[in-house]
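# Architecture and fold: a report
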Amino acid sequence: MGTSLPRILLTGFDPFGGEHLNPSWEAVRSLYGQRLGGHLIVARQLPTEFAGSLRVLKAALREVAPAIVLGVGQAGGRHQLSIERVAINVQDARIPDNAGAQPLDEPVIAGGPAAYFSTLPIKAMLAALHAQGLPAEISNSAGTYVCNHIAYAMLHLAAKRRGMRAGFIHIPFLPEQAARRHGAASMAQADVERALRIALRTAAGTTLDHRLGAGALD
Ligand code: PCA
């Protein structure tokens, strides 16, 4: 690990909502220590807690000083890997977090801007994933739970730190989670890992994003 390569900090979450695993951490931890596009990947697990996740994130950023930070989280209802475009300054929790906190309509950062856009090249990442036959989409909402909270916090901290870019990707259930739910979509862990490597290699090698239509009408 003791190399001078620039670092990528990759975060995943612990299980929440009655699940026994979180696909984000399963994928992220398997990439820990790998080299990619001239970078070294460092992985950290964040608790699915509003306050706790931020504490762990801040400590990891201090320790790792990454050039790129990519948050990954489970989005059970989604059918494809979702590259998040935006994070908003609100916490509105439908279920309590793993520490029992359930903020309603509270800001992530009091006095912060209403929203931040991802500073990773989301369209280039999308195009690279599609080129490799992986189902992915641009998402215009990371929700209002712990993932949006941490995506907003990453971008807020990145805005103050020169040379650090940040973004967030939501992933579907693993097949074993979807098997217990009628009609639920899933993505195999090997595909998620491959997708994260492609997305990160593209992010590491692209500073000017592609101009590519991937908007939504609804
Ligand atoms: N998904 C949740 C929080 C942790 C996770 O993996 C979310 O989308 O907010």
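First, a word on what this report is: a plain description of the structure on this page. Treat the numbers as computed from the prediction; the structure is a model and nothing was measured. (Residues numbered from 1 in each chain as written. Predicted model: local features only at pLDDT ≥ 70, side-chain atom pairs only at ≥ 80, totals over all residues. Heavy atoms only, no water.)

Okay, helix H2 (residues 50-64) next. Taking 1.5 Å of rise per residue, 15 residues should cover 21 Å, and H2 covers 21 Å from first to last C-alpha, within 8% of that figure. Considered for burial, the residues of H2 that qualify are Phe50, Gly52, Ser53, Leu54, Leu57, Ala60, Leu61 and Val64. Next to the buried residues of H2 lie strand E1 (7-13), strand E3 (39-46), strand E4 (68-74) and helix H4 (146-160). Looking one or two residues past H2, Ala65 carries a phi angle of roughly 45°, positive in sign. (Helix = DSSP H or I, 4+ residues; strand = E, 2+ residues; numbered from the N terminus. Expected span 1.5 Å × (residues − 1). Buried < 20%, exposed > 50% of the residue type's maximum accessible area, 1.4 Å probe, protein only. Contact = heavy atoms within 4.5 Å.)

The interhelical angle for the contact between H2 and H4, taken along N-to-C directions, is 35°, at an axis separation of 10 Å. Between H2 and H4 lies a crossing whose hand is right-handed. Residue-level inspection shows Phe50, Ser53, Leu54, Leu57, Lys58 and Leu61 of H2 in contact with H4, the latter providing Val146, His149, Ile150, Ala153, Met154 and Leu157. Of the residues belonging to the contact of H2 with H4, the class tally is nine nonpolar, two polar and one charged. (Axes fitted to C-alpha atoms, helices over the stretch in contact; angles between N-to-C directions. Left-handed = near helix turned anticlockwise from the far one by under 90°. Nonpolar A, V, L, I, M, F, W, Y, C, P; charged D, E, K, R; others polar.)

Within the structure, the ligand sits among Phe13, Phe16, Asn22, Thr48, Gly73, Gln74, Tyr145, Val146, Cys147 and His170. In the environment of the ligand, an oxygen atom lies 2.8 Å from a nitrogen or oxygen atom belonging to the backbone of Gln74. Relative to its unbound accessible area of 260 Å², the ligand is 94% covered by the protein chains. Breaking the shell around the ligand down by element, the ones donating at least two residues are E4 and H4. Classifying every residue of the shell around the ligand gives five nonpolar, five polar and no charged. (Near = heavy atom within 4 Å. Polar contact = N/O pair within 3.5 Å; in protein donor to acceptor, adjacent residues only side chain to side chain. Areas by Shrake-Rupley, 256 points an atom, 1.4 Å probe, with all protein chains shown as cover.)

Turning next to unusual backbone geometry. A positive phi angle is found at Ala65, which is not glycine, with a value near 45°. Notably, Asp105 is not glycine yet its phi reads approximately 55°, a positive angle. The topology assignment puts Asp105 in the loop between strand E6 (86-88) and strand E7 (115-117). Asp105 sits in the exposed class, given a relative accessible area of 58%.

Let us look at the sheet that holds E3. The strand order across the open sheet built from seven strands is E2-E3-E1-E4-E9-E5-E8, with neighbouring strands paired in mixed fashion. Bordering the open sheet on either side are strand E2 (35-36) and strand E8 (136-139), each of which pairs with just one other strand. In the sheet, E1 pairs with E4 via four bridges, with the strands oriented parallel. The residue of E4 that forms the bridge with Ile8 is Ile68. Packed on one face of the sheet, helix H3 (residues 122-131) meets strand E5 (81-84), E8 and strand E9 (165-171) and runs near 160° to E8. (Pairing = 2+ DSSP bridges.)

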